[in-house]
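# Structural overview for review
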Amino acid sequence: MTDRSDTALDRDLAELPPELRWREWMRRVEAVLFASSRPVPRADLARIVGQGVAVELLIDDLNADLAERPYEVAAVAGGWMLRTRPAYAAVIRAAADIGPQELDLNQFDIAVLAAIAWHQPITRAGLKDIFGREINRELIGRLHAQGMITTGPRSPRPGAPYTFVTTDAFLVAFDLASLRDLPDPGQLADDGILPPPAGQIPDTTPLMRRIV
């Protein structure tokens, strides 16, 4: 939404009894999440409710209210979004023309994406050190085209090469509230998954399971 003029918005709803006031705040949050195609951060939701209202509690009550519905409020990419429950994905694909929803990436693409997520900001040379092989620009381009990565700060290495970092779209695609929710690399190392032997593709199953 580009117009955020809210001078006429009554946030406090002082004329309503407490129960109805809370219910109206919940519905406002639901309306904003329904209208947004991106995760909505807390600061934006705080603009539509009374001062000092705990947005997280409103979200909890809204999710409880939606418990019997086929959609839910999910915490992703530092905000919240309204989405269909995974159990209904096959139903929607069978009946609705929603276009392609899956990432068009192969197993090695996902492995490189996982390495970027765990080691960002990282250069192509850094990825080569991990995989023991050159990571070509075409692969990086595919990850860019899918909106999963973007360029980060220049590396202090000679020549100041570009680094790569993941995006909010990556968090949304893999159902992550933040990068802190990535599978723990220390545990994966203990399990023999990371770091991978040179030239081998790491097991990305823990990350793949999070694709919505």
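What you are looking at is a predicted structure, and each value in this text was computed from that prediction instead of being measured. (Residues numbered from 1 in each chain as written. Predicted model: local features only at pLDDT ≥ 70, side-chain atom pairs only at ≥ 80, totals over all residues. Heavy atoms only, no water.)

## Re the packing of aromatic side chains
Each aromatic ring pair is described using two quantities: the centre-to-centre distance and the angle formed by the ring planes. One pass over the structure, following the stated rule, counts three aromatic pairs. Where Phe108 meets Phe131, the ring centres are 5.3 Å apart and the plane angle is 70°; that geometry is what we call edge-to-face. Of this pair, Phe108 sits in helix H5 (residues 107-119) while Phe131 sits in helix H6 (residues 124-131), and the two are 23 residues apart along the sequence. Of the two residues, Phe108 and Phe131, neither departs from the other in class, the shared state being buried. Ring geometry for Phe170 against Phe174: centres 5.0 Å apart, planes inclined by 45°, an arrangement best described as tilted. Of the two residues examined, Phe170 and Phe174, each falls in the buried class. Across the ring face of Phe108, the terminal group of Arg133 is positioned such that the distance to the ring centre comes to 4.2 Å. Sitting over the face of the ring of Tyr162, Arg154 holds its NZ or CZ atom 3.7 Å from the ring centroid. (Phe/Tyr/Trp six-rings, centres within 6.5 Å; stacked < 30°, edge-to-face > 60°. Helix = DSSP H or I, 4+ residues; strand = E, 2+ residues; numbered from the N terminus. Buried < 20%, exposed > 50% of the residue type's maximum accessible area, 1.4 Å probe, protein only. Lys NZ or Arg CZ within 6 Å of the ring centre and 35° of its normal.)

## Thoughts on the confidence of the model for the protein chain
Across the protein chain, the average pLDDT comes to 80, with 79% of residues at or above 70. Here residues 192-201 scores under 50 on pLDDT; set against residues more than four positions off or in separate chains, the count is 20 contacts. (pLDDT = per-residue confidence, 0-100. Contact = heavy atoms within 4.5 Å.)

## Description of H5
Between the first and last C-alpha of H5 there are 18 Å, a value that for 13 residues agrees with the 18 Å anticipated at 1.5 Å per step. Counting buried positions over the 13 residues of H5 gives 11, a clear majority of the element. Among all positions in H5, only Phe108, Asp109, Ile110, Ala111, Val112, Leu113, Ala114, Ala115, Ile116, Ala117 and Trp118 are buried. Taking the backbone nitrogen of Phe108 as reference, a side-chain oxygen 3.1 Å away marks Asn106 as the first, capping residue of H5. (Expected span 1.5 Å × (residues − 1). Polar contact = N/O pair within 3.5 Å; in protein donor to acceptor, adjacent residues only side chain to side chain.)

## Thoughts on the nonpolar core
Within the largest apolar cluster, 29 residues are counted, with the highest numbers of intra-cluster contacts made by Val112, Leu127, Phe131 and Phe170. A per-element tally of this core places H5 first, with 10 residues. The residues touching Leu127, leaving out its near neighbours within four places in the chain, are Val112, Ala115, Ile116, Ile122, Ile135 and Ile140. Counting residues in each nonpolar core, the second largest holds 19 residues, with Val29, Leu33, Leu45 and Ile59 among its members. (Core = buried A, V, L, I, M, F, W, Y, C linked by side-chain atoms within 4.5 Å.)

## Structural notes on the environment of Arg133
Along the chain, the position of Arg133 falls in the loop between H6 and helix H7 (137-145). Discounting residues that sit within four places of it in the chain, Arg133 has contacts with Phe108 and Lys128.

## Some thoughts on the pairing of strand S5 (residues 162-166)
Of all five residues in S5, four are buried; the element is thus mostly enclosed. Bridge count for strand S4 (residues 149-154) against S5 is four bridges, and the pairing is antiparallel. Looking at the pairing, Ile149 lines up with Thr166 of S5. (Pairing = 2+ DSSP bridges.)

## Let's talk about helix H1 (residues 18-35)
The end-to-end C-alpha separation of H1 is 26 Å, in line with the 26 Å expected for 18 residues at 1.5 Å each. Residues Arg21, Trp25, Met26, Arg28, Val29, Glu30, Val32 and Leu33 constitute the buried set of H1. The inward-facing, buried residues of H1 abut strand S1 (40-41), helix H2 (42-46), helix H3 (55-65), strand S2 (71-76) and strand S3 (79-84).

## Remarks on the pattern of salt bridges
As enumerated under the stated definition, the model contains 13 salt bridges in all. Here Arg85 and Glu72 are joined by a salt bridge, their closest N and O atoms 3.0 Å apart. Taken together, the residues span a long stretch of sequence, with Arg85 in the loop between S3 and helix H4 (89-95) and Glu72 in strand S2 at a distance of 13 residues. According to the relative accessible area criterion, Glu72 is buried, its value standing at 15%. The salt bridge involving Lys128 is made with Glu134; its shortest N-O contact spans 3.6 Å. (Salt bridge = Lys/Arg side-chain N within 4 Å of Asp/Glu carboxyl O.)

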